[in-house]
Amino acid sequence: MKKQTLIYNGKSKQIFATESQNFVIMTYKDDETAYFGVKKSVIPNKGMLNSKISSLIFQYLERNGIHTHYVEQLDNNEQLCRRATTLPLEFIARNVIAGSLSRRLDIEEGTVPEQPIYEICLKSDALRDPMINGYHVVALGLAKEETLTQILKIMQQINSLLTELLKKSHIDLIDFKVEFGFDSEGNLMLIDEISPDTARFWDSESHEHLDRDLFSRDLGDVEIAYKEVLSRLENVLQNG
Ligand code: CDP
């Protein structure tokens, strides 16, 4: 399938129409942003690395029963995906306190809560993705209650599957953000990406960041760390 018109131009990805109504091509950019676009840079090979990392993760999730938009990797930084009707929501799972939660509740980063924490945010750069709850979602017509229940169950499955996969790669899954949409038959599916740009990955032994915090907090070389994540995942997934 070939790229046709650009239908979405985001901070880190572009979505192109294809000759089929049911498929789109998603391309990953080298642009890196933090703090809702306030801090910006271009990181060589980042698009290719995130595309490959997210491909491996989405294929792994598909093999384990999670319906996703992923179809195939086309080029280094391009994927063929099922077209989705998207929900204006972001879902975050947290296994360890970090980032905004650490700041908001003044809890030391690295604290392990008694159970994973799941959060919902309204997807809006202008409003800085405000956190909302399930009552807001249903009352404001953002998603049906049954959809929300289904999503929270899938989030728990994704969290367990990813935690297990990453553990084998000597990476702790601190938190991650995902998005959902519906395919052309109305089935709920995981969309967007899962990569070190949308999750916190800490090396299990050294606890060093292998994620976007390297960029947002000026902690080290992003390209080297993302390459390391890809090679560890390839080792576990492709070489057994
Ligand atoms: O990273 P930050 O402190 O701004 O936000 P957070 O609420 O701690 O984010 C939790 C996780 O979701 C992190 O892995 C973020 O990278 C990810 N996230 C994202 O990918 N996109 C957003 N708009 C917000 C969070």
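In short, a report on the structure.

Analysis parameters
- Residues numbered from 1 in each chain as written.
- Predicted model: local features only at pLDDT ≥ 70, side-chain atom pairs only at ≥ 80, totals over all residues.
- Heavy atoms only, no water.
- Near = heavy atom within 4 Å.
- Polar contact = N/O pair within 3.5 Å; in protein donor to acceptor, adjacent residues only side chain to side chain.
- Areas by Shrake-Rupley, 256 points an atom, 1.4 Å probe, with all protein chains shown as cover.
- Helix = DSSP H or I, 4+ residues; strand = E, 2+ residues; numbered from the N terminus.
- Nonpolar A, V, L, I, M, F, W, Y, C, P; charged D, E, K, R; others polar.
- Expected span 1.5 Å × (residues − 1).
- Buried < 20%, exposed > 50% of the residue type's maximum accessible area, 1.4 Å probe, protein only.
- Salt bridge = Lys/Arg side-chain N within 4 Å of Asp/Glu carboxyl O.
- Pairing = 2+ DSSP bridges.

### Overview of the site of the ligand
In step 1: Around the ligand, the structure places 15 residues, and the nearest of them are Arg-94, Ser-100, Asp-129, Asp-175 and Arg-200.
In step 2: In the environment of the ligand, a nitrogen atom lies 2.9 Å from a nitrogen or oxygen atom belonging to the side chain of Asp-129.
In step 3: Between an oxygen atom of the ligand and a side-chain N or O atom of Arg-212, the distance comes to 3.4 Å.
In step 4: Contact with the protein chains removes 81% of the 510 Å² of surface that the ligand exposes when unbound.
In step 5: Among the elements of the structure, β9 (89-94), α2 (99-105), β12 (171-182) and β14 (199-203) are those that each provide at least two residues to the shell around the ligand.
In step 6: Partitioning the shell around the ligand into residue classes produces 3 nonpolar, 3 polar and 9 charged.

### Observations concerning helix α4 (residues 145-168)
In step 1: The end-to-end C-alpha distance of α4, which contains 24 residues, comes to 35 Å, matching closely the 34 Å that a straight helix rising 1.5 Å per residue would cover.
In step 2: Residues of α4 that are buried: Thr-147, Leu-148, Ile-151, Ile-154, Met-155, Ile-158, Asn-159, Leu-161, Leu-162, Leu-165 and Leu-166.
In step 3: Immediately downstream of α4, the backbone of His-170 shows phi near 60°, a positive value.

### Focus on the pattern of salt bridges
A side chain with one charge can pair with a side chain of the opposite charge if their charged atoms come near.
In step 1: Applying the stated rule across the entire model yields 22 salt bridges.
In step 2: Taking the shortest distance from any N to any O, the salt bridge between Lys-13 and Asp-192 comes out at 3.0 Å. Pair noted here: Lys-13 is in strand β2 (residues 13-17) and Asp-192 is in the loop between β13 (188-191) and β14, with a separation of 179 residues, a long-range link. Here the two residues Lys-13 and Asp-192 agree in accessibility, since each one is buried.
In step 3: Salt-bridge contacts for Glu-32 lead to Lys-46; the nearest nitrogen and oxygen are separated by 3.7 Å. Linking Glu-32 in strand β4 (residues 31-34) with Lys-46 in helix α1 (residues 46-63), this pair joins segments that are 14 residues apart in sequence.
In step 4: Of the residues examined, Glu-32 reaches a relative accessible area of 2% and is grouped as buried.
In step 5: Residue Lys-46 is classed as buried on the basis of its relative accessible area, which comes to 2%.
In step 6: Three or more residues are tied together by salt bridges with common partners; here these are Lys-13, Glu-90, Lys-123, Lys-177, Glu-179, Asp-192 and Glu-193.

### Focus: the pairing of strand β6 (residues 70-75)
In step 1: Note that β6 and strand β7 (residues 78-82) share 4 bridges and pair antiparallel. In the sheet register, Gln-73 faces β7, and the bridge partner there is Gln-79.
In step 2: Between β6 and β7, which pair antiparallel one after the other, the connecting turn spans 2 residues.

Taken by themselves, the reported measurements are silent on function.
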